[in-house]
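Structural features, examined
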Amino acid sequence: MSPARTLSPSRPAGPVERVWYASYGSNTDTERLRHYLVGGRPPGAARSCPGCRDPRPPERSVPVLLPGGLYFATESPLWTGGSAFYDPDAGGELWARAHLLGVQQFSDIAAQEMHRPPGTDLDLSTVLRDGRHPLGPGRYETLLCPGSLEGLPVLTFTASWHSGDVEVTAPTAGYLRHLARGLLATGVWDVPAVARYLSRAPGAAGRWTPREVAALLAEPP
């Protein structure tokens, strides 16, 4: 397995049909991502997902490193604990898993994360030009393009605020298990590394130890 990929800082200037969706939360786990694509209720979740217009799996999934940091805040309506957010202005590196998808698929996944009905393609021109496009003030309503990979844009979404602007919240075991399994499945990071990484993120730090995170990986799905 090759090491995690780093991004080119350049962004494609024109319209694109395929993008890399950089997942850093529960969608690092392709089984969890499948519910966003085909619909249904993930194990341990409080509600179902409507799914995408195009339910096909990603063409490829690769581990990537993004500049910034991971933190947990607010309360997930799906998992009840803290949700994962990306602060691109925080120091360090964010571990993520980039899924190669069509623009339509990315748009429908983003809509579900924004608690909006899927079915409308996003206009990506602003985020490709500026690297950032706030679509609203809430959770996951800010589109980010931190760079490109293999000539295609890497896109993700996060909150409009920064990590220091909000009270952090501990994630639940079910949610954290998806993050851990997704990162471990890349083959780049082993169990001790994943456990340390997640347990040090604000929100999880002081509430989850590396040993406790590692134990989640030993539990059945």
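This text follows the structure it describes.
Criteria and thresholds
- Throughout this document, residue positions are counted from 1 along each chain, in the order its sequence is written.
- Owing to the predicted nature of the model, reporting of local features is limited to residues with pLDDT of at least 70; listing and counting of side-chain atom pairs is limited to 80 or more, with chain, interface and lining totals taken over all residues.
- Values shown for side chains rest on all heavy atoms present in the structure; no hydrogens or waters enter the calculation.
- Every definition here rests on a 1 Å grid over the protein atoms only: cavities are sets of points where a 1.4 Å probe fits but cannot get out, pockets are open sets enclosed by protein on both sides within 12 Å along at least five of seven lines, and lining residues have some atom within 4 Å of a point.
- Grid points are joined across faces, edges and corners, and a volume is the space filled by probe spheres set on the points.
- Elements are defined by DSSP. Helices are runs of H or I of four residues or more, strands are runs of E of two residues or more, and each kind is numbered from the N terminus.
- Classes in brief: Ala, Val, Leu, Ile, Met, Phe, Trp, Tyr, Cys and Pro nonpolar; Asp, Glu, Lys and Arg charged; the others, Gly included, polar.
- Note on method: axes are straight lines fitted to C-alpha atoms, helices fitted across the in-contact stretch only, with angles between N-to-C directions ranging 0 to 180 degrees.
- Each angle gets one of four labels, with under 35 degrees taken as roughly parallel, over 145 as roughly antiparallel, 65 to 115 as roughly perpendicular, and the rest as oblique.
- Left-handed describes a crossing in which the near helix is turned anticlockwise from the far one by less than a right angle; the clockwise case is right-handed.
- By definition, residues are in contact when any of their heavy atoms lie within 4.5 Å.
- Burial classes follow relative accessibility: with a 1.4 Å probe on protein chains only, a residue under 20% of its type's maximum area counts as buried, one over 50% as exposed, and anything between as partly exposed.
- Just to be clear on terms, a salt bridge is a Lys or Arg side-chain nitrogen sitting within 4 Å of an Asp or Glu carboxyl oxygen.
- The definition of a polar contact used here is a pair of N or O atoms within 3.5 Å, where within protein one atom must be able to donate a hydrogen and the other to accept one, and adjacent residues in sequence count solely through side-chain atom pairs.

What follows covers the layout of surface pockets. The computed volume of the second largest pocket comes to approximately 180 Å³. Considering the residues around the second largest pocket, the lining is formed by 15 residues, among which Gly 69, Leu 70, Gly 91, Glu 93 and Tyr 197 are closest to the centre. Only strand 4 (69-73), strand 6 (93-102) and helix 5 (191-200) provide two or more residues apiece to the lining of the second largest pocket. If one sorts the elements of the lining of the second largest pocket by residue count, strand 4 sits on top with three residues. Counted by class, the lining of the second largest pocket contains seven nonpolar, five polar and three charged residues.

Two elements in contact, helix 4 (residues 173-185) and helix 5, have axes whose closest approach is 10 Å; the angle formed by their N-to-C orientations is 135°. Classed by the angle they form, the pair helix 4 and helix 5 counts as oblique. For the crossing formed where helix 4 meets helix 5, the hand is right-handed. Contacts between helix 4 and helix 5 involve Leu 176, Leu 179, Ala 180, Leu 183 and Leu 184 from the first element and Val 191, Val 194, Tyr 197 and Leu 198 from the second. Taken together, the residues of the contact of helix 4 with helix 5 sort by class into nine nonpolar, no polar and no charged.

Time to look at the side chain of Asp 54. Examined against the element boundaries, Asp 54 turns out to sit in the loop between helix 1 (30-38) and strand 3 (61-67). Using a relative accessible area of 14% as the deciding quantity, one classes Asp 54 as buried. Aside from chain neighbours lying at most four places away, what touches Asp 54 is Leu 37, Gln 104 and Gln 105.

Taken as a whole, this structure holds nine salt bridges when the rule is applied. In this structure, Arg 18 engages Glu 59 in a salt bridge whose closest nitrogen and oxygen atoms are separated by 3.1 Å. Of this pair, Arg 18 sits in strand 2 (residues 18-23) while Glu 59 sits in the loop between helix 1 and strand 3, and the two are 41 residues apart along the sequence. Asp 108 is the salt-bridge partner of Arg 53, the closest N and O atoms lying 2.9 Å from each other. Taken together, the residues Arg 53 in the loop between helix 1 and strand 3 and Asp 108 in helix 2 (residues 103-113) connect sequence positions 55 residues apart. Asp 108 sits in the buried class, given a relative accessible area of 0%. One network of salt bridges, with partners in common, ties together Arg 5, Arg 60 and Glu 150.

Attention shifts here to the environment of Glu 141. Mapped onto the secondary structure, Glu 141 falls in the loop between strand 7 (132-134) and strand 8 (142-149). Measuring from C-alpha to C-alpha, the distance between Glu 141 and Ala 111 comes to 8.8 Å, with 30 residues separating the pair along the chain. Looking at Glu 141, its side chain comes within polar contact range of the side chain of Arg 116, at 3.3 Å.

Here the focus is the packing of helix 4 against helix 6 (residues 210-218). Between helix 4 and helix 6, the shortest axis-to-axis distance is 9 Å and the interhelical angle comes to 80°. The angle between helix 4 and helix 6 falls in the class roughly perpendicular. Across the interface between the two elements, Ala 173, Leu 176, Arg 177, Ala 180, Arg 181 and Leu 184 of helix 4 pack against Val 213, Leu 216 and Leu 217 of helix 6. Taken together, the residues of the contact of helix 4 with helix 6 sort by class into seven nonpolar, no polar and two charged.

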